[in-house]
Each structure stands twice: as structure tokens, then as C-alpha cells.
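Take a look at the letters that make up each chain.
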Protein chains: 2
Amino acid sequence: MSEISSLGEFGLIDALTRDFKVKNKSTKYGVGDDCAVLDYSGKEVETLVTTDMLLEGIHFDLTYVPLRHLGYKSAVVNFSDVYAMNGTPRQITVSIGVSKRFTVEHIAEFYDGVRLACEQYGVDLVGGDTSASVTGLIISITCIGEGVKGKTVMRSGARDTDLICVSGDLGAAYMGLQLLERERQASAGQKDFQPDFAGKEYIIERQLKPEARRDVIAELSTLDIHPTAMMDVSDGLSSELLHICHDSGVGCRVYEDRIPIDYQTAIMAEELNMNLVTAAMNGGEDYELLFTVPLTEHEKVQQMKTARLIGRITKPELGAYLVSRDNNEIEIKAQGWNAFTQE
Amino acid sequence: MSEISSLGEFGLIDALTRDFKVKNKSTKYGVGDDCAVLDYSGKEVETLVTTDMLLEGIHFDLTYVPLRHLGYKSAVVNFSDVYAMNGTPRQITVSIGVSKRFTVEHIAEFYDGVRLACEQYGVDLVGGDTSASVTGLIISITCIGEGVKGKTVMRSGARDTDLICVSGDLGAAYMGLQLLERERQASAGQKDFQPDFAGKEYIIERQLKPEARRDVIAELSTLDIHPTAMMDVSDGLSSELLHICHDSGVGCRVYEDRIPIDYQTAIMAEELNMNLVTAAMNGGEDYELLFTVPLTEHEKVQQMKTARLIGRITKPELGAYLVSRDNNEIEIKAQGWNAFTQE
């Protein structure tokens, strides 16, 4: 094991970044100068920028999150934000703060995960910062992406009568987290504890190694569908629906029986005696894409393999409601992840 | 005083960012969607990206650093990196992690400083992330800037016989830090302690509220001087000279009697019985610009008001040396700031 101080900051950056190969023409110069140099001078190109901070003890628990997965996820959640604009992620910067309990090998594992994500999604690492921290692991990632002028999709474009769609399924990452928590508690004090994840691999993977829905963006393009509004589901469907309604000045109706839920999610909710719809609406960390399309795109949307219709946009005065299976209207409230109240 | 949880994350972001006005044409959309949208589609334009992480207890001590100054400095050190490429900073993202001891008012003070820096330097805030932290204040800033194709200056372009120049003066921020440390220790346990900074305002300001040398970039442009290599002095002149020598594959000679040092820096070093040249060579946090120019630019460089000649680039086999007043050659070694060994 190598102490981080043995390499020094520049040695560490070099060791961590030398296996990242440049993949994008727009990356003129990556790690190693005061700035990375990007070139987006195509006339139809817009530059997209997003950033996320992830803190040990707040956003992740290293007792059950492998560092490699954490690296992968930290990168992917940023890519997801770029796809959510209908863009393509191209570059990231990765800054980390690490306390003394981490070795060079630990940090290399984290970067292995970042590198895998970069390879999977064709993204270049172009910079970052490394530092000691007083306590715990601190991660800050910025992703820069490319958009096509006029095709970038904001949260503010949804209009009355638009259809609401969501990709994949919801609540799985949240139920995966509950399962990991349960097994962590069960393992307390036991040396050779083997967690039981049999038949629950999907929800574990959704929590530990989520993917960004590049395939949804590709299918929208193939079918020539132009969303009016779009965002990724990171804080829970309820929270994201309210964002779109607020920013677009509209209301919505979403139908309970249309909410996509995987059977592993349902079984886990049953085992833990939790409300399944609450998990799907408020669980968070799904990284699915929520988008709206004009009513005229109805037939095209029905051909989609990666997403499904879950509701419709209404006039603002009708509010935001979930329509239950027994046809009751339940007001949608944001109960998603809030890093300040969950302390 | 308001607890941060009283606003919620989105309320907090809104409260913190609403007073930032968009200043750049290239900023199509700032805070509030999955990504900021930038447009650098001019054909001659390159996009520059730099990022810095600043951690309480490692990079700053809030017992003597006012939050407003910290906000200003956090932004400015990133602008400095963009100027060091011969570019213009245009946008920043600001992410913060805050422990429970911080109130909304504290964070607002920090953002006031960021806003002042953004106004001074014509930069737009376009995004960020806020989170609770387990302990202390965590800051991560990414700056995006604009470069002109063919005029971006890397660290790697210095050539044998080039002249070495540096702006302003060196060692002042480091001596300011020593003074603040001394007064902090003197104040321990004393309630009404008044620190004595009389006659030392310059070195205090250099530490707490540094500026980025936009004026140097402007003067280089006015005099039609094209640096072959450039970087900002953040880790100390020694460290930066070695970066340029390493990346350019050259050696250097720098002359002790040419190193620019302010008289307040010299007086403070004398008071604290510290070696002045060591402070100037290794102190760090100067945020001055170090650059090289071809020998043919000698006359133009001598006209500069913001920078001066301090040495010359040599063949690599001649190594990197400081030539002392008594004509001894002292090998330059990096002894600058290292966040991993200073723990």
C-alpha cells in the first residue's frame, strides 16, 4: 500500500490519469496545464456544462459501495445530466479530497471506475484537482457536453396537452439502497458475514452501477421525436415532475398504473413492507429520462422501446396529481432526496 | 439566523444565485436546468476549462479568513488559471458542501464574495451543487473560458534562449499567511484581541483577497507580445519554473537580484526571521503570471509595466538554477505547497 503523500500531488495526478486516452476531436488538450483546451467551434454546436459534488457520509457509504463502482457512478450521473439536455457528454474534470485512511491503491480503484465510465460513454478526462481532506472522501465532477443548436431540451418547454414519458423503470435504485442498508445492519459485528443478494442483482446494480440513458436519446433521434421538455430522474419522479411543471408553467396528471416498476423492486418493497408507489415516485437515483412530447407525436412515442407514456401535461390551474388505480387524485409533493434534511 | 435545511436545496440555490446577472453573450442558459448552455461557436474560439477544490482545515482557516474574502478568492484563483492560458474567463460553476455549523447567512456571505469576483472579472455563474457535509466547508469551482485559436499559451512552448518574465511581486501572500497565523496564535484565549496589521495591509490583502492578472494579459496584447509558455504562480515560483522546464524540455537560469519582492514582504520576513528568497521562490498563492518570450521580444518586454525579466531558458542539460547575488548557482527544487504532505 502506498501513502498518498509518497507520490506528491503531481505524481498522483499523473499516476491516476495516464491511462485515460483522449477520444474526442473537440479535446485539444486535457490534463496537465492550467486549463484543458476544448474546441467547439462548429457553428451548430452548443457547449453544455454540469457539475455534481458527492460526499462520504452524505451521498455514499463505503462500507457497501466499492470504490470502483463509486468512480463509475460519479461519472455516469454527470453524463446523465448532459443526455437530459439531449446532448452528448464529451469531457469531465474529476476533483477529489482524500483523508489519510485512503491509499494510492484506493484512489486508483476509484479512477478505474471513472475510466471505465469514460470508455463506455466516449468521454475524455481533461482535468481535476486532488487534495488531502480532514475527513472522508470528497468528489466533485464537472462534465462538459455538446449540444446541437435548436435541439437542446430544457425543463421549461412542456405545454398543455403534451404527453409525459419516462424511460426504464423507477424505484429500483432506492430499493437496492434499502437492501444494502439492511445487509449492512445484519452484518454488524460479524466477521464472515455473507450478504444475501440472490434474485436481487438488478436492484443492487441499479444502486451501485447505474447507467445513463444514452440509448433513449438515440431512439428519440431515430424516431425523429423532439421532446418539448426533459430532465433526468435523480431526486425522484415526484420532484422532477414538479420541476417541469414549475419551469414550464403547467400542471400534470400521471397515472399510477402506468408507472414502470421492475418485479425485483416490487418484491423488495413487499419484503420490507414499504409502499411501492412511494418508492417509485420518491426513491431517487434512477437516472432515467423524464420527457414531454407534443400530442401529435403519440404514435411515434408508442413505438419507443426505451420509454413509455405515463401521463399528460395540463393547464397550470389543474395542479400536479397522481391518478391512482381506483381513480383518486393524489397531489404530487416533492419528497425526494434532500441532502440537507437527511443529515 | 436561518438553518440551511429551512430552505431546502433548491430554495438555497435560488436564494444564493438570484443576484448573479448574466454578462456574456456565450451564456445561453445558466443555473436551473440539468446543464448550463454555452455557445462558443465562433470559428476562432477555443473553450478553456479549469477546476479547483478548496477544503476547510487544508486550504483555509475560517478563524481568520472572512467568508466573503474566501468566496472572492475561490473564484479569482480559477480566473487566474484561464488568464494563464492567455484566455478570458466567462463562466463558473460553484459547488459547496456545508456542515451544520453554517447558516444560510454564512453561505450567502461566501456567495457575495463570489458575486463580487464575477462582477469584477465579467464572469457568469452558470451552475453548481450544494450539499450538507459531515464536517467543515468544502468548495469546488470550475471555470470555463474563451481562448483564441493559435493564441492559447501552454506550459510546453518555452525554447532555449527565451526570456523568463514574471508579473507583480512574489512571496507576499505567503508572508501574509504567516502574519495571520502569528496573530491567530497571539489571540488564543483572548476575548478582545485586536490583531496588529498596521503597515502590513498589502501582504494581508495578497493572502485574503488576491487578484488575477487580467491586466498582464491586456498589456501583452497591447504590446503585441506572444508568450511561448505561461502559467500562474500558485504553488511557488520554484515549482512553476520546474513545470515549464519539464513540459517544455528545457533548463533555466533565474537571477536572485531580479526576483520582484515588495518591501512589506521583506520587512515581515525580517520580523519573523525567515529567508526572504525562500519565501519568494516557494511561498505560493501569488497568482502572478510566469511566462517566457522569444529573445527577439526583449525590447518589448522591457516596456512592460506589469511584468519584469527574471531569467532565461537554457538547453535542458544545463538544469534549473537560481543564480545568487554572489554568483553561486543554487539548484531549483520544488518546495511549494503540497496539500498531501502539509497535513
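Residues numbered from 1 in each chain as written. Chains lettered and ligands numbered in written order. Predicted model: local features only at pLDDT ≥ 70, side-chain atom pairs only at ≥ 80, totals over all residues. Heavy atoms only, no water.

**Remarks on the interface of chain A and chain B**
Often the size quoted for an interface is simply the accessible area lost on bringing the parts together. The cut-off we apply is this: Contact between two residues is taken to exist if any of their heavy atoms lie within 4.5 Å; hydrogens are not considered. By buried area we mean how much accessible surface two parts lose on assembly, using a 1.4 Å probe and totalling the loss over both. Salt bridges are counted wherever a side-chain nitrogen of Lys or Arg sits within 4 Å of a carboxyl oxygen of Asp or Glu. Per the convention used, a helix needs a DSSP run of H or I reaching at least four residues, while a strand needs a run of E reaching at least two, with both numbered from the N terminus. Only Asp, Glu, Lys and Arg are considered charged in this grouping, and only Ala, Val, Leu, Ile, Met, Phe, Trp, Tyr, Cys and Pro are considered nonpolar; every other residue, Gly among them, is considered polar. Strand pairing requires that DSSP identify at least two bridges connecting the strands.
Counting residues at the interface gives 74 residues for chain A and 74 residues for chain B. Together chain A and chain B conceal approximately 5,700 Å² of surface at their shared face, both sides included; 61% is due to carbon and sulfur atoms. Along the contact surface separating chain A from chain B lie two salt bridges. Across the pair Asp39 of chain A and Lys149 of chain B runs a salt bridge whose closest N-O atoms are separated by 2.7 Å. Per element, the largest residue contribution to the side of chain A that touches chain B is ten residues, and it comes from strand β3 (residues 45-55) of chain A. Each residue belonging to the side of chain A that touches chain B can be placed in one class, and the counts come to 31 nonpolar, 25 polar and 18 charged. Across three bridges, the pairing between β3 of chain A and strand β2 (residues 36-38) of chain B is antiparallel. Directly across from Thr47 of chain A, in β2 of chain B, lies its bridge partner Leu38 of chain B.

**Considering the domain arrangement of chain A**
Residue and element names in this part refer to chain A. What counts here: Domain limits in this description derive from either an automatic procedure or a database domain assignment.
When its domains are assigned, chain A resolves into domain 1 (4-148) and domain 2 (163-331). The centre of domain 1, based on its C-alpha atoms, is set 26 Å off from the matching centre of domain 2. Taking both partners together, domain 1 and domain 2 bury about 1,800 Å²; carbon and sulfur atoms supply 60% of that area. The largest share of the area that domain 1 buries against domain 2 comes from Tyr64, Lys73 and Tyr83, three residues that together contribute 36% of it.

**Points about the confidence of the model for chain A**
Here is the rule we go by: pLDDT measures how confident the predictor is about each residue, on a scale from 0 to 100.
Predicted confidence across chain A gives a mean pLDDT of 90, with 95% of residues reaching 70 or more. The ipTM assigned to the predicted complex is 0.89, against a pTM of 0.91.

**Observations regarding helix α4 (residues 172-187) of chain B**
Three- or four-residue spacings in an α-helix give side chains the same orientation, since the helix completes a turn every 3.6 residues. All names here are of chain B. Quick reminder of the rule: Here a helix's expected span is defined as the number of its residues, less one, multiplied by 1.5 Å.
Over its 16 residues, α4 extends 22 Å from the first C-alpha to the last, a length consistent with the 22 Å expected when each residue adds 1.5 Å. Buried-residue contacts for α4 involve α5 (201-208), α8 (263-271) and α9 (276-282). Backbone geometry just downstream of α4 places Gly189 in the positive-phi region, at approximately 80°.

**Digging into the pattern of salt bridges**
A pair can form between side chains of opposite charge whenever their charged atoms are brought close. Heads up, the rule is: Working definition: with a 1.4 Å probe on protein chains only, accessible area under 20% of the residue-type maximum means buried, over 50% means exposed, and in between means partly exposed.
Evaluated as defined, the whole model comprises 40 salt bridges over all chains. With its nearest N and O atoms 3.4 Å apart, the salt bridge here joins Lys300 of chain B to Glu297 of chain B. Note on Glu297 of chain B: relative accessible area 11%, which makes it buried. A network of salt bridges, in which partner residues are shared, links Arg68, Asp112, Arg115 and Glu119 of chain A.

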